[in-house]
Amino acid sequence: MREDKMKEERMDCPSGHRKMILRKTKKTITFRGVKIIVPTEHYRCTTCGIEAGTVEQTARIQKTIADAYRREVNLLTGDEIVEKRKRLSLTQEGLAKRMNVGIASIKRWEGGTIQSKSMDHALRIALGGQSVGDSCTGNRAFSIPRIKLVVKAFESVLGKHILKKNDKMLFAAKYLWYADMVAHRETGESMTGATYAALPYGPQLNNYKDLIEDIMKAAESKADALSPEEKRIIARIAFKFPEERMAYDAAHKEKIWKKQPNGAIIPYTDSADITGL
Ligand SMILES: [Zn+2]
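Residues numbered from 1 in each chain as written. Predicted model: local features only at pLDDT ≥ 70, side-chain atom pairs only at ≥ 80, totals over all residues. Heavy atoms only, no water.

1. With respect to the nonpolar core
- Core analysis: the largest hydrophobic core is formed by 48 residues, its most contacted members being F154, M169, W177 and L205.
- Broken down by secondary-structure element, the contributors of at least two residues to this core are α8 (144–158), α9 (172–187), β4 (196–199), α10 (208–217), α11 (228–240), α12 (244–253) and α13 (255–258).
- The element best represented in this core is α9, accounting for ten residues.
- When neighbours within four sequence positions are excluded, L205 is seen to be in contact with I147, M169, A173, L176, A194, T195, Y196 and I215.
- In terms of nonpolar packing, the next biggest core, distinct from the first, is built from 14 residues, A96, A122, L123 and L127 among them. (Core = buried A, V, L, I, M, F, W, Y, C linked by side-chain atoms within 4.5 Å. Buried < 20%, exposed > 50% of the residue type's maximum accessible area, 1.4 Å probe, protein only. Helix = DSSP H or I, 4+ residues; strand = E, 2+ residues; numbered from the N terminus. Contact = heavy atoms within 4.5 Å.)

Here is the structure:
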């Protein structure tokens with residue numbers, strides 16, 4: 001909120017007693033099991049005693065609670081993210097690229113949404129001046145058109161669509177994960193630069209919810225063409241898993257997925273331990 005806007009705010013009593021007075025207090029609350037002290041404010045009518053808050057006040061209080069909580073559990077606050085990002089002269093988009101997440105995530109975290117522990121870790125690395133790096137991207141710059149290109153290559157070998165709008169990339173992500181991991185193991189470089197998280201239903205593109213729309217829209221012609229070796233890897237995977245379910249089941253047997261806690265990044269440094277292929 002801007003200072004000038006805060007000063008302009010005022011509220012009249014709904015019962016017609018004219019201007020209400022601003023009262024600022026501090027409250028101790030328990031949020032997600034953590035005790036935090038939050039400064040709150042509301043308007044009070046001196047005639048009838050009614051109390052009310054503006055939409056802006058409510059939004060400020062919500063952000064204050066989120067930030068107090070983040071400070072308490074050692075997560076970066078929204079302001080800290082903004083400040084560190086600006087110190088690096090990074091735009092929200094630049095930071096999103098560095099972290100392989102959608103710009104919507106950056107906006108939410110800066111605006112007050114609480115990031116997960118693993119995303120906080122990725123934020124700290126990205127804001128420390130380096131990209132999240134080799135173990136998360138497999139030595140290749142993240143590229144959405146490349147994801148589309150690899151998906152299309154699978155679809156052409158498999159003879160069916162694996163990228164569907166409302167299936168949470170359930171199967172497409174498994175093929176992509178195998179392609180990236182096997183390419184990393186055998187060529188030292190992933191195919192798409194994507195980062196994968198260990199989710200209950202298998203390895204998944206990190207932050208796929210923010211990426212899916214862009215992947216659907218992406219033009220594969222904008223990506224670097226696949227090398228002969230990459231094409232061979234895709235063909236081998238498609239040949240081994242002709243049915244989507246097979247890729248899904250195989251991924252669930254991989255110990256490099258099993259050993260990660262829910263939501264953690266599966267590092268490319270584990271690619272040597274892939275057993276399905
Ligand atoms: Zn009143």
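2. Focus: the coordination of the zinc ion
- Within the first shell, the zinc ion binds the protein through C13 (SG), H17 (ND1), C45 (SG) and C48 (SG), at distances of 2.1 to 2.4 Å.
- Geometry at the zinc ion is tetrahedral, judged from its four donor atoms and the angles of 105 to 114° they form at the metal.
- Counting the intervening residues between successive donors of the zinc ion yields the motif C-x3-H-x27-C-x2-C. Taken together, the positions of C13 in the loop between α1 (3–8) and β1 (21–31) and C48 in the loop between β2 (34–44) and β3 (51–52) put the pair 35 residues apart, joining distant regions of the chain.
- Overall, the relative accessible area of 40% leaves C48 in the partly exposed class. (Donors = N, O, S within 2.8 Å, 3.2 Å for Na, K, Ca; no water. Tetrahedral: all angles 85-135°; square planar, octahedral: opposite > 155°, others 65-115°.)

3. Examining the pairing of β2
- Relative to β2, β1 runs antiparallel, the two sharing eleven bridges. Residue pairing for β2: T25 is matched across the bridge by T40.
- Hairpin connection of β1 to β2: two residues between the antiparallel strands, including R32 at a positive phi of 50°.
- Where β2 lies against β3, two bridges are found, and the strand directions are antiparallel. Bridge pairing in β3 links Y43 to A52.
- In textbook terms, the turn of a hairpin is the stretch between consecutive antiparallel strands, and for β2 and β3 this stretch comprises six residues, one of which, G49, has a positive phi near 85°. (Pairing = 2+ DSSP bridges.)

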